Each structure stands twice: as C-alpha cells, then as structure tokens.
Amino acid sequence: MMSTGQRRILAAQQFWLALRGLRRRDDETFVRAAYRTLLRREPERDGSTHHIAALARGAAREQVLSEILRSEEYWLRHNLPMMPGEALHKARVEYIRNRVPSARVVVDLGGAANQFRAGALLLCGYRPRPETIYIVDLPDDRRMLGTGEPESGQHGSVVRHRRVTIRYLYQSMAEPLPLEGGTVDLVFSGESIEHISEAEADLVCCEAWRLLRPGGHFCLDTPNGALTRVQSPEALIHPEHKREYRPSELRTKLEAVGFQIVEAGAICPMPESLRTGKFSYEEMVHRRGLSENPDEGYLFYLNARRPPGEYTAG
C-alpha cells in the first residue's frame, strides 16, 4: 500500500505527464484526453462545456488539470487523503447546491471569486439560473487574496454567464445598496458576515430585510464560534475576522429584524471535537457533508425568510 507521500507524488506526476502530453491539442480534445488520463472516463457534457468555456476565456490548461485533480472523484479513484480545506469546500458546495433556494434576483454579499468573473455562487454550483446576480464586494486590490485582475474595474460593470446577468457593486457589504427595496428574491452571505463588526452585521440584516420581497430569503453560512474557539482558543481563526458567531447569536439578530428561520444546519459536523474540546482535522474530513444540527458544524448555515405579506420598508 502506498503511503500518503507516495500518493501525493503520484498525483504530481500524473499532472505533469498529462500537461506535457496534451499541450498541443485543441481545447475539446485536450479536455477529453485530460478526463481519460486523470479520471479514466469520458467527460460528461456539462463538465466538458465548463472547461472548454474556461479555456476560451483565457484560462490556462494547468488550471483545468488542477480543477480535475482537486475533484473528489479523482481523490477517491486514487485513494488520496483529502485535505481539511478541500473537505470543507466540498461540504459548502453541497450546501449551496442543495439548500440555497432558487431566485430570480440575487444579491451576493462578498461574492467575488478571484479569476472567475461570474462569482462565487455560480462557481460553487448554484443550480438555479437567476436573471440577475448583484455581487457586492470590495475592488480587487482591496479584496482578500486579490489577484490584480479585477472583473472590469468599474462600479456597476456587467458580466454575462450562461444567460445570467452579473452586476458588480464595488463597496462594503455593510453600506446601503443602490437598489430599490422589495425587489430581491435572495440575499446570500457566504462566509462573509464574520468579516465585519457586529454593529455592521446589524446593518446588513436590516438592509437584507429592506431589499427582499415578502417571502424572499436571506441565507448565510459562517464559521461556528463554538468550534473555532476549540480550534483557536486565544484568537479568531483568521486575521480579517471581526466576529465568529454561535448559531443562537446570529439567529437572535435575524429574528430581531423580523426574519423567520426556516432551516438551519451544520456544514462539516464535528460533534466529537465539540464534545471533547480537542479539535480534530481528521473528523472534519471524515464527516464532510451536512447535518441538521447547526451547533455541531465547523460552519453553520441559516435560511431566514421575510414573511409573506404586504411590503413595508421596515
């Protein structure tokens, strides 16, 4: 049986062999051969279309190979040990694909994705196809892990992706948005509310209420302060975090504005780490997925709804 180190070496060797052998082929042939080399199968239609479109937009072939190598299918096929960050990402993708409701108009707070112009929500596999997504984020040069390659550099810039119109609003998520109240179906905050102060989070909750139509949803996921304190007793887990909430604390904020919590759950449940007070990255990997108990998740999510009824700004 190969050791962990040997399996990682194998993955690196396959990457470079695939790249060297496929460099001169056209994009469609390249993608097909990459699937055959790394996954030992033909690409499905959506996967092939996704990769070919990325290459047409200027993505490097190394990026396509890296994406395949990071896939759960590749890791399982080659019995590779999954890293905790990858396990957490896959659990978040499951949450976004299966728990975030469909919407026609979306506001995504902190939703820019470096090197993917359509934003993090679509990158993570959000299944519905909204008419419009407003991505609210800082300009690239002020953004965490900024790449120096902004989407356009212009406030209000527009990107089209698979019949979805994506409009960028370069500003803090804690500032009022230049959008009419009662016109949005979904406000989404994916691992972003922990990056602003508690007072700013109160403003965000009120602004989400103003923007949403009656019956619209405010969906959030964020690190669970109960588990991050086990992981890091003396400090927040990231230098740019301002507040790491427990589920009950964020629920209280949302209900104080008037929201109804219609679903809550855990992303990467870690009940043993919580019970013993000893943080286990191995548990994060082996329990990757979702559960119905938000208190045991490394991240937790809340799906809050503005109750149906006549719209008032609040």
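Structure report, in brief. (Residues numbered from 1 in each chain as written. Predicted model: local features only at pLDDT ≥ 70, side-chain atom pairs only at ≥ 80, totals over all residues. Heavy atoms only, no water.)

**Some thoughts on the pairing of strand S9 (residues 297-305)**
Operational definition: Per-residue accessibility, obtained with a 1.4 Å probe over protein chains only, is compared with the maximum for each type, and a residue is labelled buried under 20%, exposed over 50%, and partly exposed between these values. Elements are defined by DSSP. Helices are runs of H or I of four residues or more, strands are runs of E of two residues or more, and each kind is numbered from the N terminus. A pair of strands counts as paired when DSSP detects no fewer than two bridges linking them.
Burial analysis of S9 places eight of its nine residues in the buried class, which makes it a mostly covered element. Pairing analysis gives eight bridges linking strand S7 (residues 260-269) to S9, with the strands arranged antiparallel. Each residue of the ladder has a partner; that of Ile267, found in S9, is Leu299.

**Some words on the packing of aromatic side chains**
Quick reminder of the rule: Two aromatic rings from Phe, Tyr or Trp, using only the six-membered ring of Trp, form a pair when their centres are within 6.5 Å; if the ring planes differ by under 30 degrees the pair is stacked, by over 60 it is edge-to-face, and anything between is tilted.
Per the counting criterion, the structure on display carries seven aromatic pairs. Relative to Phe259, the ring of Phe218 has its centre 5.8 Å away and its plane inclined at 50 degrees; by these criteria the two rings are tilted. One end of the pair, Phe218, is in strand S6 (residues 212-223); the other, Phe259, is in the loop between helix H10 (247-257) and S7, with 41 residues separating them in the sequence. By way of ring pairs, the aromatic residues Tyr95, Phe188 and Tyr301 are connected into one cluster.

**Notes on the pairing of S7**
Within S7, seven of the ten residues are buried, which leaves it mostly tucked inside the rest of the structure. Judged from the two bridges that link them, S7 and strand S8 (residues 290-291) form a sheet pairing that is antiparallel. The residue bridging Ile267 from the neighbouring strand is Leu290, located in S8.

**Comments concerning the sheet that holds S9**
Sheets are built from strands that pair by backbone hydrogen bonding, the pairs being arranged parallel or antiparallel. Rules: The contact criterion used throughout is that any non-hydrogen atoms of two residues lie within 4.5 Å. Here an axis means a line fitted to C-alpha atoms, over the contact stretch when the element is a helix, while the angle between two N-to-C directions is reported on a 0 to 180 degree scale.
Sheet architecture is open: nine strands sit in the order S3-S4-S2-S1-S5-S6-S9-S7-S8, paired in mixed fashion. Among the strands making up the open sheet, the edge pair consists of strand S3 (158-161) and S8. Here strand S5 (residues 184-190) runs beside S6; their pairing, made up of six bridges, is parallel. The residue of S6 that forms the bridge with Gly190 is Asp221. Sheet strands touched by helix H6 (residues 84-99): S5, S6, S7, S8 and S9. Its angle to S7, the strand with the most contacts, is close to 155 degrees. Contacts between helix H8 (residues 198-211) and the sheet are confined to strand S1 (105-109), S5 and S6, with S6 contributing the most and set at about 150 degrees to the helix.

**Describing the nonpolar core**
As a rule of thumb, soluble globular proteins bury nonpolar side chains together. Defined as follows: Residues belong to one nonpolar core when they are buried, are Ala, Val, Leu, Ile, Met, Phe, Trp, Tyr or Cys, and are joined through side-chain atoms within 4.5 Å.
With 36 residues, the main nonpolar core has Tyr95, Ile96, Tyr126, Ile166, Leu186, Phe188 and Tyr298 as its most contacted residues. Looking at this core, the elements with two or more residues in it are H6, helix H7 (120-123), strand S2 (132-137), strand S4 (164-170), S5, helix H9 (225-231), S7 and S9. A per-element tally of this core places H6 first, with five residues. Beyond its immediate stretch of four places on either side in the chain, Leu186 contacts Val100, Pro101, Ala103, Val105, Val106, Val107, Tyr126, Leu212, His217 and Cys219. Counting 32 residues, the second-largest nonpolar core is a separate cluster that includes Leu211, Tyr245, Ile261 and Phe300.

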